[in-house]
Amino acid sequence: MAVEVVTFGCRLNAFESELIRREAEGAGLADTIVVNSCAVTNEAVAQARQQIRKLKRARPEARIIVTGCAAQTEPATFAAMAEVDRVIGNDDKTRGDAWHAAKGALDAGVNFGLDTEQKIAVADIMAVREMAPHLLDGYQSGLPRVFVQVQNGCDHRCTFCIIPYGRGNSRSVPVGAVVEQVRRLAERGHAEIVLTGVDLTSYGADLPGVPKLGSLVKKVLRHVPELQRLRISSIDQVEADRDLIDALATEPRLMPHLHLSLQAGDDLILKRMKRRHCRADAIAFCAEVRRLRPDIALGADLIAGFPTETEEMFRRSLDLVEACGLTFLHVFPYSPRPGTPAARMPQLDGRVIRARAARLRAAGEAALQRRLAAEVGATRSVLIEGPTQGRTEHFIPVSVGGETPGTVRRLTMSGHDGTRLVV
């Protein structure tokens, strides 16, 4: 492979990695590894640095280019690494001209070398106001489930979050371009499409007519009848529009699974996070979507150990798992990100943060076990991802055998092994 892309972080990065591979190879780069980084936590940045060192030891002759959110927010950190040859900003990473420039700089560096500053090609992400649609004819991996980017950036400023400084302000892909991208991928045999973005429910605010995410979902389903399954990635439930809720209730091809940006279950902590919902809003939303789609599976992001969080406040987050009927938890031990307001707040002891994260994960594991047990005997629509695994419409993993990858099969669940359903 001329260009290998190593991806960290979110589903949006997974989509963009396919574009990176296409543009980097189109620029003529060879024997090159691109690390598409994540900046959501300190640990994510540390993992990228560790992986860069490991990759260089394994392939000492390969050029290493770093891009992604961590490259945007901490370019000097990566440029200072001897293993790194180039650092490319988040907006430029999907642009062909940026990769042609990278090749020229790297070729010149073979003879003259590049100092730390010369390695950096990172522009001001906040100056970016528009989003060019990127069309993929198909994913190189041929995966049954693939992602389509419909939005990027975020206009909100949660006190713990560094991502707006890595992604810029919110901007959207026009509806027609999204429909065309979904149609291309569906025609090439991808059975399930996931619409993804940084702040997905802010979709359309910058477009003529201000279309909402729900309108986009309905138009994709209406104009791409050959698409078997549509899924949406993480949403901020406070911004969910009526069309989106209606689509969940009435569109069988829209999968009954939502991942919510809840973050905490205590109102004072939510206020200090600068979130736009309270505990009661989250519980009411979950009750409403479950009333409309009773079998829906709900997941959520939750942060453990946010600054000033007391044991009583934490228990309200812990109780949210049951109050909202959550099945899948993505638990973040709080990590102070330089430049964010929360990093200047009174911090908790790291041992307390880790212990609370472990308790949240245990609650999530118990919730998953209950859902697995409840699925036994049910017949589900399973997307076959590979020789031994598929996923139900609720995103629950299923152990399979003898099925054709890329197909959707109606299968009855005979049991579970603690982590997956078993046919």
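Residues numbered from 1 in each chain as written. Predicted model: local features only at pLDDT ≥ 70, side-chain atom pairs only at ≥ 80, totals over all residues. Heavy atoms only, no water.

Per an unreviewed UniProt entry, the protein chain goes by tRNA (N(6)-L-threonylcarbamoyladenosine(37)-C(2))-methylthiotransferase MtaB and derives from Rhodopseudomonas palustris. Listed in UniProt under the heading Cofactor (unreviewed entry), the comment for the protein chain reads: "[4Fe-4S] cluster". (UniProt positions renumbered as here; feature names shortened; annotations may be inferred.)

So, the domain arrangement of the protein chain
The domains assigned to the protein chain are domain 1 (3–121), domain 2 (128–255) and domain 3 (378–422). Each of domain 2 and domain 3 was reduced to a C-alpha centroid, and the two centroids are 25 Å apart. In total, domain 2 and domain 3 occlude about 760 Å² of area from one another, counting both sides; carbon and sulfur atoms represent 56% of this. When the buried area of domain 2 at its contact with domain 3 is split by residue, P144, R145 and R229 rank highest and sum to 62% of it. Across the contact surface, domain 2 and domain 3 share one salt bridge. (Domains from an automatic or database assignment. Buried area = accessible area lost by both parts, 1.4 Å probe. Salt bridge = Lys/Arg side-chain N within 4 Å of Asp/Glu carboxyl O.)

A look at the sheet that holds strand β9 (residues 192–196)
One open sheet accounts for three strands, arranged β6-β9-β10; its pairing is parallel. Of all the strands in the sheet, just β6 (145–149) and β10 (229–232) have a single pairing partner and so form its edges. Going from strand to strand, the sheet's axes swing by 30° on average, the running direction of each strand aside. Sheet analysis places β9 next to β10, joined by four bridges and oriented parallel. Each bridged residue has a counterpart across the sheet, and for L195 the counterpart in β10 is I232. Running at roughly 165° to β10, helix α9 (residues 213–223) makes contact with β9 and β10 of the sheet. (Pairing = 2+ DSSP bridges. Helix = DSSP H or I, 4+ residues; strand = E, 2+ residues; numbered from the N terminus. Axes fitted to C-alpha atoms, helices over the stretch in contact; angles between N-to-C directions. Contact = heavy atoms within 4.5 Å.)

Things to note about the packing of helix α10 (residues 242–250) against helix α12 (residues 279–292)
Where α10 meets α12, the closest approach of the two axes is 8 Å, and the angle between their N-to-C directions is 40°. Viewed along their axes, α10 and α12 adopt a mutual orientation that is oblique. Crossing geometry of α10 relative to α12 is assigned as right-handed. Of α12, the residues touching α10 (which contributes R242, I245, L248 and A249) are F285, E288, V289 and L292. (Parallel < 35°, antiparallel > 145°, perpendicular 65-115°, else oblique. Left-handed = near helix turned anticlockwise from the far one by under 90°.)

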